[in-house]
Amino acid sequence: MEKNLTTGNVLKTVVYFSLPYLLSYFLQTLYGLADLFFVGQFNGVDSTTAVSIGSQVMHMLTVMIVGLAMGATVMIGRAVGAGKNEETSRTIGNTITLFMIISLVLSAVLLVMVKPIVAVMSTPDEAVAGTISYLRICFIGIPFITAYNIISSIFRGMGDSKSPMYFIAAACAANIVLDYIFIGILGLGTAGAALGTTLSQTISVAVSLFVIMKHKTGISLSLKDLIPHRDTMESLLKIGIPVALQDGFIQIAFIVITVIANKRGLNDAAAVGIVEKIIGILFLVPSSMLSTVSVLSAQNVGAGKPERARLTLKYACIMAVVWGTAAVVVMLFAAEPFIGLFADDAAVILLGGQYMRGYVWDCIFAGIHFSFSGYFCAYGLSAIPFIHNSMSIICVRIPFAYFASKYFADTLLPMGIASPAGSALSVIICVGVYIWLGRRQKQY
């Protein structure tokens, strides 16, 4: 349902809007965790490694789709803030057309490329068959994964962060039940994990479409809104492509680090895969701040209220830093028990604890630059996040991880530090650009 977010207390608006976002991300993260948990309980380390590698590939594709959809979220937010209903409908219609085409093409291409993708990941021999099986099924389900994320982006751009939470809650419950049936009862292993994920996403889409048809959502579409409109399509892609590339490069950096870990052996690969899943939970607040800032700031920019956009950024950064500090404290003292939830191998738990103690610091730095990235996107400056993340990856994350792996063969701690070191560079760039933009605004 359409909601105007340009009035009232800014801090309260940030909190109320971000909480459903946070819960949505938490439930979505449970997808991967449920797969990993059930596979870990009923299968061996090879299946755990296959699911962790396969889900990382799928996560990369999903975040790129969500990044591309940021163009829709921002444009819808601006139109809602400015009270332009016709523009809102046209943007929604063009978004549906664009992503329907993209998802079908992407699914077909990836199904052909599944074996080369598994090879590029340097997947351990024991996990190759399971990874291929997992990815093939997930690639078939890409249209449904895309549909869910696009519907959610549309609702959030209209100021409604609660409905997507309900959609993903239904899917998450279904995924847990299906995982138990496919993996635990039927013994389908990695294929069962992929089936559970794909079918649950399909359920989520069905639930969201039912809500749109049966309830007053504020969405009013006609056939002409689905016809591609040049200016609308260009704006969607102009904002969305840099964000998608930025998110893609970040995930490529994670994949490169995973490849480096895979070459160290099965235990290292499993440890890194498990930590990535746990970090996914710890990154819920930073990720929700990015999305919250982008939507709230976009509406306020559209309404001509830049000061509210700046306050939104300020409060988001504070909340992210507080959360990140708490995460660091917990993981410095209790990393192994969390790793042990997903593995019973002593070597995997030890390596996972080392990797986590270096990686967890990224919760602080990433929370800050995520918030700034959302702010820049709201102004249509999505190239800035793309630039600072690219520099972070090329100059710090990948080379740091490579040399850490080469010179510290007995521990994963230095490799874990690669991500927060890269995010620290992003924070420096973001703050510098923000100050520079502020001075330019004053001049003009």
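Before reading on, note that the structure itself is shown above.
Bear in mind that the values here come from a model prediction, so they are computed numbers and not experimental data. Throughout this document, residue positions are counted from 1 along each chain, in the order its sequence is written. Local features in a predicted model are, by the rule used here, given only for residues with pLDDT of at least 70; side-chain atom pairs are given and counted only at 80 or more, and totals for whole chains, interfaces and linings are based on all residues. In computing side-chain properties, one takes all heavy atoms of the structure into account and sets aside hydrogens as well as water.

Quick look at the nonpolar core
Here is step 1: Among buried residues, the Ala, Val, Leu, Ile, Met, Phe, Trp, Tyr and Cys ones that are joined through side-chain atoms within 4.5 Å form a nonpolar core. Any residue under 20% of the maximum accessible area for its type is buried, any over 50% is exposed, and the rest in between are partly exposed; the area is computed with a 1.4 Å probe on protein chains only. Among the nonpolar cores identified, the biggest contains 92 residues, and Met58, Leu135, Phe139 and Met356 are the most heavily contacted of them.
Here is step 2: The numbering of helices and of strands both runs from the N terminus, where a helix is a DSSP run of H or I of at least 4 residues and a strand a run of E of at least 2. With 15 residues, the top contributor of residues to this core is helix α2 (residues 45–82).
Here is step 3: Look past the residues within four positions of methionine 58 in its chain and what remains in contact with it is Tyr134, Leu135, Cys138, Phe139, Ile142 and Ile145.
Here is step 4: Formed by 18 residues, the second largest nonpolar core is a distinct cluster that contains Val293, Ala309, Phe372 and Ile429. By definition, residues are in contact when any of their heavy atoms lie within 4.5 Å.

A few points about the pattern of salt bridges
Here is step 1: By convention in these notes, a salt bridge is any Lys or Arg side-chain nitrogen within 4 Å of a carboxyl oxygen on Asp or Glu. Counting across every chain of the model gives three salt bridges.
Here is step 2: A salt bridge links glutamate 234 to arginine 230, with the nearest nitrogen and oxygen atoms 3.1 Å apart. Of the two residues, glutamate 234 and arginine 230 both sit in helix α10 (residues 230–262), four residues apart, roughly one turn of that helix.
Here is step 3: Judged by its relative accessible area of 43%, glutamate 234 is partly exposed.
Here is step 4: Given the relative accessible area of 66%, arginine 230 is considered exposed.
Here is step 5: Residues glutamate 307 and arginine 310 are paired through a salt bridge, measuring 2.7 Å at the closest nitrogen-oxygen approach. On the criterion of helical spacing, the pair formed by glutamate 307 and arginine 310 is a turn pair, its members being three residues apart in helix α13 (residues 306–339).
Here is step 6: The exposure class of glutamate 307 is partly exposed, given its relative accessible area of 43%.

Purely geometric numbers; function is a separate question.
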